[in-house]
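What follows is each chain in one-letter form.
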Amino acid sequence: MSRRQKDPLRPLTEAERTSLSRLSRSQSAPAAQVARARALLAVADGQSYTMTAELVGRATGDTVARWVAGFNRDGLAAVVPRHGGGHQVRYGEAAQRRILAEVARAPERARDGTASWSLSTLRDALRRAEDGLPGISTYTIGHALHAAGYSWQRGRSWCETGVVVRKRRHAGLVTVTDPDAAAKRG
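First, a word on scope: everything that follows refers to the structure included in this document. (Residues numbered from 1 in each chain as written. Predicted model: local features only at pLDDT ≥ 70, side-chain atom pairs only at ≥ 80, totals over all residues. Heavy atoms only, no water.)

Let's talk about the nonpolar core
No. 1: The biggest cluster of nonpolar side chains holds 15 residues, and the ones touching the most others in it are Leu9, Leu20, Leu40, Val68 and Phe71.
No. 2: Elements with a minimum of two residues in this core: helix 1 (14-24), helix 2 (31-44), helix 3 (49-55) and helix 4 (61-74).
No. 3: For this core, the leading source of residues is helix 2, giving four residues.
No. 4: Among residues more than four places away in sequence, those in contact with phenylalanine 71 are Leu9, Arg10, Leu12, Glu16, Leu20, Leu40, Leu76 and Ala78.
No. 5: Judged by nonpolar contacts, the second largest core, of 13 residues, contains Ala95, Leu122, Ala125 and Ile136. (Core = buried A, V, L, I, M, F, W, Y, C linked by side-chain atoms within 4.5 Å. Buried < 20%, exposed > 50% of the residue type's maximum accessible area, 1.4 Å probe, protein only. Helix = DSSP H or I, 4+ residues; strand = E, 2+ residues; numbered from the N terminus. Contact = heavy atoms within 4.5 Å.)

In structure tokens, the structure reads:
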């Protein structure tokens, strides 16, 4: 005889039973959600946590007990697994949009100290900006840019090929254009 359950499953509403039943037979839903739905239905039909764990391929009934407790607390939302571990996401979508906006902006030589972006100059600009990200790292910037389809390559810059801004002693800043730049690109 199994021991008394500390947090037994609350009675299912008809809508919850229908949703769980549909999800438990799904061929296209994530396997974790299907397993949770099958487990909740088995417990609702009177199965023990241990028997239910065996039914859905889990090692112990403790897993089923956690699923039941989550269902009692959150309802059908508990069927969807949450964050499985690791570090919390520190820079979400808003921060990634901010990084991409900074990359899209042409650097100002006086303010940014560069004519082309590198990861470290982007980091410095993002840390200095009022709406910036004070603790951002070059790794995070590189990861966001890679996810957005950018690639950083050694020995290359974001400057336009064949056009460079030079600082001259008497003339100040001068734009120098290479007339053979098109031929050199191909």
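From this point, things continue past the structure.
What about the layout of surface pockets?
No. 1: When its volume is computed, the second largest pocket comes out at roughly 240 Å³.
No. 2: At the level of elements, helix 2 and helix 4 are the ones that each hand at least two residues to the lining of the second largest pocket.
No. 3: The element that contributes the greatest number of residues to the lining of the second largest pocket is helix 4, accounting for six residues.
No. 4: Partitioned by chemical class, the residues of the lining of the second largest pocket number six nonpolar, two polar and five charged. (1 Å grid on protein atoms, 1.4 Å probe; cavity = no way out; pocket = protein on both sides within 12 Å on 5 of 7 lines; lining within 4 Å. Points joined across faces, edges and corners; volume = space filled by probe spheres on them. Nonpolar A, V, L, I, M, F, W, Y, C, P; charged D, E, K, R; others polar.)

Description of the pairing of strand 2 (residues 172-177)
No. 1: Counting buried positions along strand 2 yields zero of six residues, so the element is predominantly exposed.
No. 2: One ladder, built from six bridges, connects strand 1 (residues 163-168) with strand 2; its direction is antiparallel. Along strand 2, the bridge assignment pairs valine 163 with threonine 177.
No. 3: Where strand 1 hands over to strand 2, the hairpin turn is made up of three residues, counted between the paired strands. (Pairing = 2+ DSSP bridges.)

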